[in-house]
Structures are given as C-alpha cells and as structure tokens.
Amino acid sequence: MVRRLNRPQRLRGQISPPGDKSITHRAFILNGTATGSAEVRNFSHGGDCHSTLACMRALGVRFEEVEDRLVVHGRGAHGFTEPRDILDAGNSGTTMRLMSGLLASLPFRTTITGDASLRGRPMDRVIGPLSLMGATVLGSGDGHARAPLIIQGGGLRGITYDLPVASAQVKSAILIAGMSAEGETVVREPAPSRDHTERMLTAMGARLRVDEREITLQPGPITAVDITVPGDFSSAAFWITAACLHPDAELLILGVGVNQYRTGLLEVFKDMGADVTLENQRFVGGEPVADIRARSSHLRATSVGGQIIPALLDELPLIALAATQAVGTTEIRDAAELRIKESDRISATCAELTRLGARVEELPDGLIIHGGPDLQGASCSSHGDHRIALTLAVAGLVASGETVLDGAEDVSISYPEFWSDLDSLGETNMQTATGAS
Ligand code: S3P
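Here the structure is a predicted model, which means the values were calculated and not measured.

**Re the overall build of the protein chain**
Line of reasoning, step 1. A tally of helices and strands in the protein chain yields 14 helices and 23 strands.
Line of reasoning, step 2. Taken over the C-alpha trace, the protein chain has a radius of gyration of 21 Å; the compact-globule value for 437 residues is 22 Å, and the two agree within 12%.
Line of reasoning, step 3. Referenced to the eigenvectors of the C-alpha coordinate spread, the extents of the protein chain come out at roughly 65 × 45 × 40 Å.
Line of reasoning, step 4. The buried share among the 437 residues of the protein chain stands at 60%.
Line of reasoning, step 5. Contacts in the protein chain between residues at least 24 apart in sequence constitute 75% of all its contacts with a sequence separation of at least 6.
Line of reasoning, step 6. Total accessible area on the protein chain stands at roughly 16,000 Å², and carbon and sulfur atoms take up 47% of it.
Line of reasoning, step 7. In the protein chain, which carries 40 positive and 53 negative side-chain charges, the distance between the mean positions of the two groups comes to 2 Å.

Structure follows, in structure tokens:
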C-alpha cells in the first residue's frame, strides 16, 4: 500500500498510543503459563502480538475477548497440549525467541517458523542457552542458526549464562525456560535491557532476584495477574519526534510507559535540546507511566553509543531522522544489532534518509548524520519493516513537498492504528502549507 504524506501547517493535539508490544507478548505468554485466569487490558493489537496469541492458542491456552479486554485462562506449567501444526511467529522476533523458551520446557516436539524476514534472523542466540539447559533445539539454514526451529523440550536444568549481547528477548527466553528447570537459573547481561519479564514474573509470585546486571530465578509455579498494559513508548516515539521536528507543533501523548530501559531516546533528545516534558507520572501495572508533551525544537547534534544502546535500539532510525535536522554532525555507534532486526535498519535508514535529501554515512555499527539540509519529499520504501515505515511517515510530516511511502501497511506489525491516529489529529492540522490535503 502506498501512502502520500505532506507537511501539515501545524501539528497539534493528543494521541493515546497503542498498548506496549513487549509487555503484551509477556502478558499473553506468562499468564498462559500461570495457574488461574487474568485479564489483560489495553493490549497491543499489532500483528506481532497476534502471532504470540496464535502460538499460545495452538498450545491449548484459551483467550476470551470480553469487550476491550482479553481474559487469559492459564494452563499452568504442565497443562499445555502438543500443537497439531507448525507454530508461526510471523514477523515477530519476540514471539519466536520467547516462545522458544516456553517450548524448550514442554515435554513434546514442536516446530516454530516465521516469515522470510524472521527466517533470516539469528536464532543461535536462543539455541545455545536452551540446548545447555537440556532441550534439543535444531535450527535450519546457515550454520543451523535460523528458523524453522524444531524443539524437543522437557527435563531442563538451570544454568548460569552470560549473554554475549544485551538482549531482552534472549534473557526472557532463558528465564521462561528456567521457571520449570531443575535448580536455579542465573542470567548476566553485558548492558541493561528492558526488564518487563522480570517485573511481571515478580508480580506473578516467581522467586526472582535482580542484582546489578545479574538475575537469579528459582523454578516454581506462577499465578496469573490482571495487567493493564501501558502505552508503547516505541510508538509514542514517532509522535515525540514529529513534534520536535515540525516547525509549529505541540503534541500531548497520553499514558506512555516510561520504563528507564526503554526511554533512551528521551535522554538523547534532551541532550539535543528537544522540548519534551513528562507530566502526570504514575505507576500502571507495576510499570512507570507518564503523559509526554513534545513541542517544536531547535536541535543540536550529539553522539550516541555504549551502554544506552539497548534502551533506544528500536528508536535509532528516529534518532537518525532527528539528527538530519540538528545543527552539526551526529555519530551513532555500537548499534550493529540494528542490522539484524526486521530489516538491516542501518542500511535502510541510510538509504531512505538519503533519498529525502539528508547527508548520511553508513558505518559497520552505526551512522554518521550531517545535520542541516531540510528534507525534501520523495518516493521511499519501508523495506518491509514497520519501524522504517513509521520513521518515514514522520519524515513525510516534516519534509517539504510530497513523500510517497511504499509499504505503508507495514505499520500494522506494531501500530495498526497509526494512520487513523494521524487522521484524528484533524483536518486543520492536516492542511498543508500549499493547501493540499
Ligand atoms: C524486545 C527486545 C528487543 C527489541 C524488540 C523487542 C522484547 O530485541 O528490539 O523490538 O520485547 O524483548 P532484543 O532483545 O533482541 O534486542
């Protein structure tokens, strides 16, 4: 699907972003593994979370839609049934890796696959630790490190594992497997990554201790808990960036999860001089939440790298976009993981921002962005990647002239409501400087 974008005269209003994708996956998987039933409110309706839902249903977990809530009837660790078919994680790395942790603990054989993008992504990072725990996990393709994965689970033992790269997905897979292993499981991270699994497991009564970058889990049953999913910071980030870059903008983004391991973009934007404030800070479902107000800003260049990277990895295409409009040269390093996301996001970001008139250089582990030139609308492509599509949509709201985005439907993986949210900002906003709509 092609979508045409023009810069609106002004960008003002309020947005409630969709429920957090990472937390929704965990609410479905962990409640499904728990004993008892629980409600999940404000869950993500994105394609990725539908993939998790379908996999859990195939294992016998019952999900009931009651108005805007989903009631999960947990099976307990021993109540799953062998699926009749191959499980499909679609485009979702989180589904594939977290489900692998669960499948490794179940006493039957399953196969899990995904779309072409997911089948190209590395799975050795979960195959390694889950095999050490005693599961048989057979990968496919290059170095047997890709999906489809055939997993014969059960009879696991706890391990102590140093993650070679900071990854919340791999950490979570090991912890999920560790819940029904014999003996304790210890996971150490080289840099802090999102801790939604640890928070949710603790709320469900798991015996889990977090000490600096080391997590220790004692196996045992968990109890289902009701979860109200906060708004997704990664979705809010598109509006924050749009408001900062547009010359006449003020957006209030409501009910956004501001877990410190997700909000690295706020630190970088603060450094760049962005006018972004957090209001009405509170806790929802054990996670910090705030309303975020973002206004037109004059940005200066910065450098991004090191331990903050996992807290902003998904937002780096947006940070690169912001850097195109900043004074000076911005360098992004230590982000080689970006190359193995839904697309190679380093080369996709470089290629698409260049088409829009930006001056960007590609590095093996990042980007150099020479800020300054105004973006000019052009034809550009999502590369089949939801976050690239959304970044280009934001670019289209600040570029002069028309931006023609091919792959606009890809936003539905994480933010299916994006185009209607954009329309909801209203007619007046959407009038372009030249009067076209
Ligand atoms: C996620 C973790 C991150 C992130 C992804 C979602 C999660 O991936 O990029 O979008 O929900 O755990 P890695 O853990 O592979 O870095």
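**Here we look at the site of the ligand**
Line of reasoning, step 1. The local shell around the ligand consists of Ser-22, Arg-26, Thr-94, Arg-97, Ser-167, Ala-168, Gln-169, Arg-194, Asp-314 and Lys-341.
Line of reasoning, step 2. Here an oxygen atom of the ligand and a side-chain polar atom of Arg-26 are 2.6 Å apart.
Line of reasoning, step 3. Take Gln-169: an N or O atom from its main chain is 2.9 Å from an oxygen atom of the ligand.
Line of reasoning, step 4. About the coverage of the ligand: the protein hides 93% of its 380 Å² of free accessible area.
Line of reasoning, step 5. Every element with two or more residues in the shell around the ligand is listed here: α1 (21-33), α3 (93-104) and α6 (168-178).
Line of reasoning, step 6. When its residues are assigned to classes, the shell around the ligand shows one nonpolar, four polar and five charged.

**Here's the deal with helix α10 (residues 316-324)**
Line of reasoning, step 1. The element α10 is extensively covered by neighbouring structure, given that nine of its nine residues are classed as buried.
Line of reasoning, step 2. Listed as buried for α10 are Leu-316, Pro-317, Leu-318, Ile-319, Ala-320, Leu-321, Ala-322, Ala-323 and Thr-324.

**Notes on the sheet that holds strand β10 (residues 160-162)**
Line of reasoning, step 1. On the basis of which strands lie adjacent, the open sheet formed by four strands has the order β10-β11-β13-β12 and mixed pairing. Each edge of the sheet is formed by a strand with only one pairing partner; in this case those strands are β10 and β12 (207-211). Strand-to-strand twist across the sheet, computed as the mean angle between neighbouring axes with direction ignored, equals 15°.
Line of reasoning, step 2. In terms of strand pairing, β10 meets strand β11 (residues 185-188) through three bridges, oriented parallel. Bridged to Thr-160 within β11 is Val-186.
Line of reasoning, step 3. This element, α6, spans β10, β11 and β13 (214-218) of the sheet and lies at about 170° to β11.

**Description of the pairing of strand β3 (residues 37-41)**
Line of reasoning, step 1. Bridging between β3 and strand β5 (residues 69-73) involves five bridges; their strand directions are antiparallel. In the sheet register, Val-40 faces β5, and the bridge partner there is Leu-70.

**A few points about unusual backbone geometry**
Line of reasoning, step 1. Cis rather than trans, the peptide bond between Ala-147 and Pro-148 has omega equal to 5°.
Line of reasoning, step 2. Take Pro-148: it is sitting in strand β9 (residues 146-152).
Line of reasoning, step 3. A positive phi is found at Asn-42, a non-glycine position, where the angle reads about 55°.
Line of reasoning, step 4. With respect to the helices and strands, the residue Asn-42 is situated in the loop between β3 and α2 (47-58).
Line of reasoning, step 5. The phi angle at Glu-212 is positive, at roughly 55°, despite the residue not being glycine.

**Section: the pairing of strand β19 (residues 329-332)**
Regular strands have side chains that alternate between both faces of the sheet.
Line of reasoning, step 1. Side chains Thr-330 and Ile-332 project from β19 onto a buried face, and the interleaved Thr-329 and Glu-331 project onto a face without burial.
Line of reasoning, step 2. Across four bridges, β19 lies against strand β21 (residues 366-370) in antiparallel orientation. Within β21, the residue paired with Glu-331 across the bridge is Ile-368.

**Section: the pattern of salt bridges**
Line of reasoning, step 1. Enumeration according to the criterion identifies 35 salt bridges in this entry.
Line of reasoning, step 2. A salt bridge links Arg-188 to Glu-214, with the shortest nitrogen-to-oxygen separation between them at 2.7 Å. A residue pair is termed long-range when its members are at least 10 positions apart, and Arg-188 in strand β11 and Glu-214 in strand β13 qualify at 26 residues.
Line of reasoning, step 3. Residue classification places Arg-188 among the partly exposed positions, given a relative accessible area of 32%.

**Overview of the packing of α2 against α3**
When two helices pack together, you describe them by how their axes are tilted relative to each other and by the distance separating the axes.
Line of reasoning, step 1. Close contact between α2 and α3 brings their axes to 10 Å; oriented N to C, the two are set at 25°. The angle between α2 and α3 falls in the class roughly parallel. Of the two possible hands of crossing, α2 and α3 adopt the one that is right-handed. Facing α2, whose interface residues are Asp-48, Ser-51, Thr-52, Cys-55 and Met-56, α3 presents Thr-95, Met-99 and Leu-102.

**Here's the deal with the packing of aromatic side chains**
Ring pairs (aromatic) are described by centroid distance and by the angle formed between their planes.
Line of reasoning, step 1. Enumeration according to the criterion identifies five aromatic pairs in this entry.
Line of reasoning, step 2. An aromatic cluster is present here, built from Trp-239, Tyr-415, Phe-418 and Trp-419 joined pairwise through their rings.

**What to know about the nonpolar core**
Line of reasoning, step 1. Core analysis: the biggest nonpolar cluster contains 73 residues, and Ile-240 and Leu-316 have the highest contact counts within it.
Line of reasoning, step 2. For this core, the element with the highest residue contribution is helix α8 (residues 233-245), accounting for ten residues.
Line of reasoning, step 3. The contacts of Ile-240, once residues within four sequence positions are left out, are Phe-233, Ile-253, Leu-265, Leu-266, Phe-269, Val-276, Ile-292 and Ala-294.
Line of reasoning, step 4. In this structure, Ile-23, Leu-106, Tyr-161 and Val-187 belong to the second largest nonpolar core, which totals 66 residues.

**So, the confidence of the model for the protein chain**
Line of reasoning, step 1. Taken as a whole, the protein chain shows an average pLDDT of 96; of its residues, 97% reach a score of 70 or greater.
Line of reasoning, step 2. Between residues 432-437, whose pLDDT stays under 50, and residues either more than four places distant or in other chains, the model counts ten contacts.

**So, helix α12 (residues 386-398)**
Line of reasoning, step 1. Between its first and last C-alpha, α12 extends 19 Å over 13 residues, near the 18 Å set by a 1.5 Å rise per residue.
Line of reasoning, step 2. For α12, the tally of buried residues reaches 13 of 13 residues, placing the bulk of the element in the interior.
Line of reasoning, step 3. The opening residue of α12, the one whose side-chain oxygen lies 2.9 Å from the backbone nitrogen of Arg-387, is Asp-385.

About the cut-offs
Residues numbered from 1 in each chain as written. Predicted model: local features only at pLDDT ≥ 70, side-chain atom pairs only at ≥ 80, totals over all residues. Heavy atoms only, no water. Helix = DSSP H or I, 4+ residues; strand = E, 2+ residues; numbered from the N terminus. Rg over C-alpha atoms; globule rule 2.2 N^0.38 Å. Buried < 20%, exposed > 50% of the residue type's maximum accessible area, 1.4 Å probe, protein only. Contact = heavy atoms within 4.5 Å. Areas by Shrake-Rupley, 256 points an atom, 1.4 Å probe, with all protein chains shown as cover. Lys, Arg positive; Asp, Glu negative; His and termini not counted. Charge placed at Lys NZ, Arg CZ, Asp CG, Glu CD. Near = heavy atom within 4 Å. Polar contact = N/O pair within 3.5 Å; in protein donor to acceptor, adjacent residues only side chain to side chain. Nonpolar A, V, L, I, M, F, W, Y, C, P; charged D, E, K, R; others polar. Pairing = 2+ DSSP bridges. Axes fitted to C-alpha atoms, helices over the stretch in contact; angles between N-to-C directions. Salt bridge = Lys/Arg side-chain N within 4 Å of Asp/Glu carboxyl O. Parallel < 35°, antiparallel > 145°, perpendicular 65-115°, else oblique. Left-handed = near helix turned anticlockwise from the far one by under 90°. Phe/Tyr/Trp six-rings, centres within 6.5 Å; stacked < 30°, edge-to-face > 60°. Core = buried A, V, L, I, M, F, W, Y, C linked by side-chain atoms within 4.5 Å. pLDDT = per-residue confidence, 0-100. Expected span 1.5 Å × (residues − 1).

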